[in-house]
Number of protein chains: 2
Amino acid sequence: MPKRVDHEERRGQIAEALVRVAGRRGLHAVGMRDVAAEAGVSLRLVQYYFETKEKLLLYGLQHLTDRFTARVGARLAAAGPAPGPRATAEALVLASLPTDEESRTFHLLYSSYAILSVTDEALAAQPFIDNPDAAEDALAGLIAGAQEAGLADPGADARTEAVSLLAMAATLGTSILVGQRGPESATAVLRHHLDRIFTAPEGTGTREV
Amino acid sequence: MPKRVDHEERRGQIAEALVRVAGRRGLHAVGMRDVAAEAGVSLRLVQYYFETKEKLLLYGLQHLTDRFTARVGARLAAAGPAPGPRATAEALVLASLPTDEESRTFHLLYSSYAILSVTDEALAAQPFIDNPDAAEDALAGLIAGAQEAGLADPGADARTEAVSLLAMAATLGTSILVGQRGPESATAVLRHHLDRIFTAPEGTGTREV
DNA sequence: TTCTTCGTGGTACGACCGTACCATGTTGGT
DNA sequence: ACCAACATGGTACGGTCGTACCACGAAGAA
């Protein structure tokens, strides 16, 4: 046999090529030949590792979410050894905003997949709705924990506020993507609601940015 | 000359055919032949009234937003002769949720256009970002007016709350579209925030439903 | 009435796309 | 050393898509 290549690694390289070219020209415009050229391999190779385009797209979606989940995890770890719930929640909510190239690509492609999944049943069958649910649970837990510790408005409904924050972050991200709004404006809105939910301990005053 | 047909009316019929078929199979999957078949005309006719596909899509987008703006206007008019600011704001915010076939199609296609516009400069040049801006202005004005009348929390920032409400409505709408959330859950979240912003006059108690 | 312009149909062309097929070098196992 | 499984390349095929071309009837203008 020839070089005995690591299939999973190859698939990853090709999937990242897909993500790059789709981030540039849009998911609807990417073909197998584009992915092959971007990855620097032949069209046949892409066929070899992903037999069909549908499988390539599905794998690409999985790869995208995995990579971004890891990135968010790194952001949270970098936020300090034992950050408060407010800081953690803020990092979580702001992480999805398209502020740099990688998050921009993620937001664009994730939205594309989501919209595609409405009319494409193969995409709809894919459980990439788990991810937002996980974020929602984490955020709700953060708020509830802060309430018990006296760090958040006890009258707020944790689940509702978590849903609201993530919903706002999603649309604000898209607004940035289409150039309707700047990142500063989006973060200001989100911080305003974080301030509303996470009340500082008495006497500490309101948190300034 | 032959029957001397009304071009604008014809274009409208074809545009509605585009909207229907795109709402069914997705905007990415619609071709000129599909539109022609849906409209019950020949492919040549579609070419005749819209020389290129790009022009057809642009016109379809315009038609879509026009029709929906009219629908929202009708909803507001049906809300009573002189509705309070809270009722008006609620109608405005809930109008965009995909609860029936027409609003579902609108939400799906508008989102598709928005995502497309990120990588397609012809779509990006189209000023279909005016519409959300107009809704934002209207909503902010409604809140500010309610504040002056003592019907809303005077400490709230009208513009920020308007942006927040519309942002939440957009993502919640998409959540409904992909089947992640039901319409009841989405409206409950939105009404919660409307309750937070629009405070009932003293002694009247909190508004139920 | 005749002519010219408009509306409409059918069809062909060139390009691209996803997929399938055929070929070939390469290397680990025996 | 030979063979079989594997990795890779090139290329062709069928289909579809947007667009262009050609033709013809129909009706207002002269």
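Residues numbered from 1 in each chain as written. Chains lettered and ligands numbered in written order. Predicted model: local features only at pLDDT ≥ 70, side-chain atom pairs only at ≥ 80, totals over all residues. Heavy atoms only, no water.

Under an unreviewed UniProt entry, the name given to chain A is TetR family transcriptional regulator, and the organism recorded is Streptomyces katrae.

**Q** I would appreciate a short explanation of the overall build of chain A in the present structure.
**A** The helix and strand tally for chain A stands at 10 helices and 0 strands. Listed N to C, the secondary structure of chain A is α-α-α-α-α-α-α-α-α-α in terms of helices and strands. Counting only C-alpha atoms, chain A reaches 70 × 40 × 30 Å along its principal axes. Within chain A, the proportion of its 209 residues that are buried is 43%. In chain A, of all internal contacts separated by at least 6 residues, the share reaching a separation of at least 24 is 65%. (Helix = DSSP H or I, 4+ residues; strand = E, 2+ residues; numbered from the N terminus. Buried < 20%, exposed > 50% of the residue type's maximum accessible area, 1.4 Å probe, protein only. Contact = heavy atoms within 4.5 Å.)

**Q** Looking at this model, I keep getting lost on the interface of chain B and chain A. Mind explaining?
**A** Many descriptions give the size of an interface as the accessible area lost when the pieces come together. Opposite the 36 residues of chain B that make contact, chain A presents 36 residues. Of all residues in chain B, the largest losses of buried area upon contact with chain A belong to B:Ile115, B:Val118 and B:Thr119, amounting jointly to 19% of the total for that side. Linking chain B with chain A are 2 salt bridges, by the criterion used here. Put simply, the parts of the chain that give the side of chain B that touches chain A at least two residues each are α1 (7-25), α6 (101-119), α8 (130-148), α9 (158-177) and α10 (183-197) of chain B. By residue class, the composition of the side of chain B that touches chain A is 15 nonpolar, 13 polar and 8 charged. (Buried area = accessible area lost by both parts, 1.4 Å probe. Salt bridge = Lys/Arg side-chain N within 4 Å of Asp/Glu carboxyl O. Nonpolar A, V, L, I, M, F, W, Y, C, P; charged D, E, K, R; others polar.)

**Q** Before we go on, may I ask you to explain the packing of helix α5 (residues 85-95) of chain B against α10(B) in this structure?
**A** Geometry of a packed helix pair, given as the angle between the helix axes and the separation of the axes. All names here are of chain B. As a packed pair, α5 and α10 sit with axes 11 Å apart at the nearest point and diverge in direction by 150°. In terms of axis orientation, α5 runs roughly antiparallel to α10. Considering how the two elements wind past one another, α5 and α10 form a crossing that is right-handed. Each of Arg86, Ala89, Glu90, Val93 and Leu94 in α5 lies in contact with α10, whose residues at this interface are Thr187, Leu190, Arg191, Leu194 and Asp195. Residues of the contact of α5 with α10, tallied by class, amount to 5 nonpolar, 1 polar and 4 charged. (Axes fitted to C-alpha atoms, helices over the stretch in contact; angles between N-to-C directions. Parallel < 35°, antiparallel > 145°, perpendicular 65-115°, else oblique. Left-handed = near helix turned anticlockwise from the far one by under 90°.)

**Q** What am I meant to see in the packing of aromatic side chains here?
**A** Centre-to-centre distance and the angle between the planes together describe a pair of aromatic rings. Counting across every chain of the model gives 8 aromatic pairs over all chains. For the ring pair B:Phe68 and B:Phe106, a centre distance of 3.7 Å and an interplane angle of 0° mean the geometry is stacked. Taken together, the residues B:Phe68 in helix α4 (residues 53-78) and B:Phe106 in helix α6 connect sequence positions 38 residues apart. Residue classification places B:Phe106 among the buried positions, given a relative accessible area of 12%. By way of ring pairs, the aromatic residues A:Phe68, A:Phe106 and A:Tyr110 are connected into one cluster. (Phe/Tyr/Trp six-rings, centres within 6.5 Å; stacked < 30°, edge-to-face > 60°.)

**Q** I would appreciate a short explanation of the UniProt feature "DNA-binding region" (unreviewed entry) in chain A in the present structure.
**A** Mapped onto this numbering, the UniProt entry gives "DNA-binding region" (unreviewed entry) at residues 31-50 of chain A. Helix makes up 75% of residues 31-50 of chain A and strand 0%, whereas the separation of the span's terminal C-alpha atoms amounts to 13 Å. (UniProt positions renumbered as here; feature names shortened; annotations may be inferred.)

**Q** It is not clear to me how the UniProt feature "domain: HTH tetR-type" (unreviewed entry) in chain A should be interpreted in this structure. Could you clarify?
**A** Per the UniProt annotation, the sites labelled "domain: HTH tetR-type" (unreviewed entry) are residues 8-68 of chain A. Taken end to end, residues 8-68 of chain A is 80% helix and 0% strand, and its two terminal C-alpha atoms sit 18 Å from one another.

**Q** What am I meant to see in the relation of the copies chain B and chain A here?
**A** These two copies of the chain differ by a rotation about an axis and a displacement along the same axis. Taken as rigid bodies, chain B and chain A are interconverted by a rotation of 180° and an axial shift of 0.0 Å, the fit giving an RMSD of 0.1 Å. Viewed as a symmetry operation, the transformation between the two copies matches a two-fold axis. Residue B:Met168, judged by its C-alpha, is the member of chain B lying nearest the rotation axis, at 2.4 Å. (Least-squares fit on C-alpha atoms with pLDDT ≥ 70 in both.)

**Q** Would you mind showing me how to read the domain arrangement of chain A here?
**A** All names here are of chain A. With domains assigned, chain A is organised as domain 1 (1-81) and domain 2 (83-209). Domain 1 and domain 2 are separated by 26 Å when their C-alpha centres are compared. At the junction of the two partners, domain 1 supplies 22 residues and domain 2 supplies 23 residues. Summing the contributions of domain 1 and of domain 2, the shared interface buries around 2,000 Å²; its carbon and sulfur component is 72%. Summed over the shared surface of domain 1 and domain 2, the result is 3 salt bridges. The partner of Glu102 in a salt bridge is Arg67, with the nearest N and O atoms 3.9 Å apart. Our count for the contact surface shared by domain 1 and domain 2 stands at 4 residue pairs in polar contact (both at pLDDT 80 or more). Take the side of domain 1 that touches domain 2: its biggest share by element is 14 residues, from helix α4 (residues 53-78). (Domains from an automatic or database assignment. Polar contact = N/O pair within 3.5 Å; in protein donor to acceptor, adjacent residues only side chain to side chain.)

**Q** What should I look at first to understand the side chain of B:Glu161 in this one?
**A** By secondary structure assignment, the location of B:Glu161 is in helix α9. Apart from the residues within four sequence positions on either side, B:Glu161 is in contact with A:His192, A:His193, B:Ile143, B:Ala156, B:Arg196 and B:Ile197.

**Q** Hey, could you run me through the packing of helix α1 (residues 7-25) of chain A against helix α6 (residues 101-119) of chain A in this one?
**A** Residue and element names in this part refer to chain A. Contact geometry of α1 with α6 gives a least axis separation of 9 Å together with a crossing angle of 85°. In terms of orientation, α1 and α6 fall into the roughly perpendicular class. Note on element contacts: α6 touches α1 through Arg104, Thr105, Leu108, Leu109 and Tyr113, opposite Leu18, Val19, Ala22 and Gly23. Looking at the contact of α1 with α6 residue by residue, the classes come out as 6 nonpolar, 2 polar and 1 charged.

**Q** In this structure, what is going on with the pattern of salt bridges? I would like to understand it.
**A** Where charged atoms from two side chains of opposite charge approach closely, those side chains can pair. All names here are of chain B. As enumerated under the stated definition, the model contains 32 salt bridges over all chains in all. With a shortest N-O distance of 3.6 Å, Glu51 and Lys55 are connected by a salt bridge. Given a relative accessible area of 43%, Lys55 falls into the partly exposed group. A salt bridge links Glu136 to Arg159; the nearest nitrogen and oxygen atoms lie 2.8 Å apart.

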